Amino acid sequence: MGLYRQDGTRITKAAFPAATLDDPPVRVTEDIYVSEPYGRGDGQPEGSKRLLLYQAGTIVLRSAVDRLFNPAAIDSISPATGPAAGGTTVTIRGSNLDGVSAVSFGDIGGTDLRVRSTDELTVKTPQGVAGAVDVELVDDSGPVMKVDGFAYEGAAS
């Protein structure tokens, strides 16, 4: 028994019609839930509900997993200025901030990062040099930057 095309010609192993997958399947190794806020008509207190998205063992395409991680976005940084000595507690507001694991000011990492919600985080500025620096968030989906997002004033003491 062999493999044949519809027209009856035999298919050899070397000529098997297949293509390399650009979007490989992956096996989910634990139950995955999504969280969504209660709606106005739910009669539930503030908070959110969790719904099973993928059960352990489910096979999904890598692109389906990638779409679950929305990139962070920066709407505002407040205050936008602070002393070059550092230590200013900065509030960053935006969206999808719950996946942020680090914040840097120029090339130097901030300290005391606290993710308050999906829309807000706080971080302390490191010591810097007078002038504007880029603010970069390290996120599950990759880095997000606000060019000249913070300005250091004066010289570090």
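Just above, that's the structure.
Residues numbered from 1 in each chain as written. Predicted model: local features only at pLDDT ≥ 70, side-chain atom pairs only at ≥ 80, totals over all residues. Heavy atoms only, no water.

A.B. asks: How do you make sense of the sheet that holds strand β11 (residues 120–124) when you look at a structure like this?
C.D. replies: Sheet strands pair via backbone hydrogen bonds, and the direction of the pair is either parallel or antiparallel. Taken in spatial order, the four strands line up as β5-β7-β11-β10 in an open sheet, and their pairing is antiparallel. A strand with exactly one partner marks an edge of an open sheet, and here the two such strands are β5 (73–78) and β10 (111–117). On average, adjacent strands in this sheet sit at an angle of 20° to one another, irrespective of strand direction. Of the pairings in the sheet, the one linking β10 to β11 comprises four bridges and is antiparallel in character. Paired with R114 across the strands is T122, a residue of β11. (Pairing = 2+ DSSP bridges. Helix = DSSP H or I, 4+ residues; strand = E, 2+ residues; numbered from the N terminus. Axes fitted to C-alpha atoms, helices over the stretch in contact; angles between N-to-C directions.)

A.B. asks: Would you take a moment to explain the side chain of T122 for this structure?
C.D. replies: Here T122 shows up in strand β11. Residue T122 is classed as buried on the basis of its relative accessible area of 8%. Within polar-contact distance, the side chain of T122 engages the side chain of R116 at 3.4 Å. Excluding residues that lie within four positions of it along the chain, T122 makes contacts with T89, V90, T91, D112, L113, R114 and R116. (Buried < 20%, exposed > 50% of the residue type's maximum accessible area, 1.4 Å probe, protein only. Polar contact = N/O pair within 3.5 Å; in protein donor to acceptor, adjacent residues only side chain to side chain. Contact = heavy atoms within 4.5 Å.)

A.B. asks: Looking at this model, I keep getting lost on the packing of aromatic side chains. Mind explaining?
C.D. replies: The geometry of two aromatic rings is summed up by the distance between their centres and the angle between their planes. Taken as a whole and assessed by the stated rule, the structure comprises two aromatic pairs. Look at F150 and Y152: their rings are 5.2 Å apart centre to centre, the planes differ by 80°, and that puts the pair in the edge-to-face class. Of the two residues, F150 and Y152, neither departs from the other in class, the shared state being buried. Ring-pair connections join several aromatic residues into one group, and the members of that group are F105, F150 and Y152. (Phe/Tyr/Trp six-rings, centres within 6.5 Å; stacked < 30°, edge-to-face > 60°.)

A.B. asks: Help me out: how do you make sense of the environment of T118 in this one?
C.D. replies: Take T118: it is sitting in the loop between β10 and β11. When its relative accessible area of 38% is taken as the criterion, T118 is described as partly exposed. Residues T118 and G94, spaced 24 residues apart in sequence, show a C-alpha to C-alpha distance of 7.9 Å. In this structure, T118 is in contact with G94, S95, N96, L97 and D98, ignoring residues within four places of it in sequence. Within the structure, the side chain of T118 is placed 3.4 Å from the side chain of D119, a separation counted as a polar contact.

A.B. asks: Hey, could you run me through the sheet that holds strand β13 (residues 142–153) in this one?
C.D. replies: Spatially, five strands are ordered β6-β13-β12-β8-β9 in an open sheet, and the strand pairing comes out mixed. Because the sheet does not close on itself, it has two edges, and the strands there are β6 (81–83) and β9 (108–109). When strand β8 (residues 102–105) meets strand β12 (residues 131–139), the two strands line up antiparallel, connected through four bridges. What sits directly across from S104, in β12, is E136.

A.B. asks: In this structure, what is going on with the pairing of β12? I would like to understand it.
C.D. replies: Each regular strand shows side chains that alternate between the opposite faces of the sheet. Pairing of β12 with β13 involves eight bridges; the strand directions are antiparallel. Considered in β13, the bridge of E136 is made with M145. The antiparallel hairpin formed by β12 and β13 contains two residues in its connecting segment.

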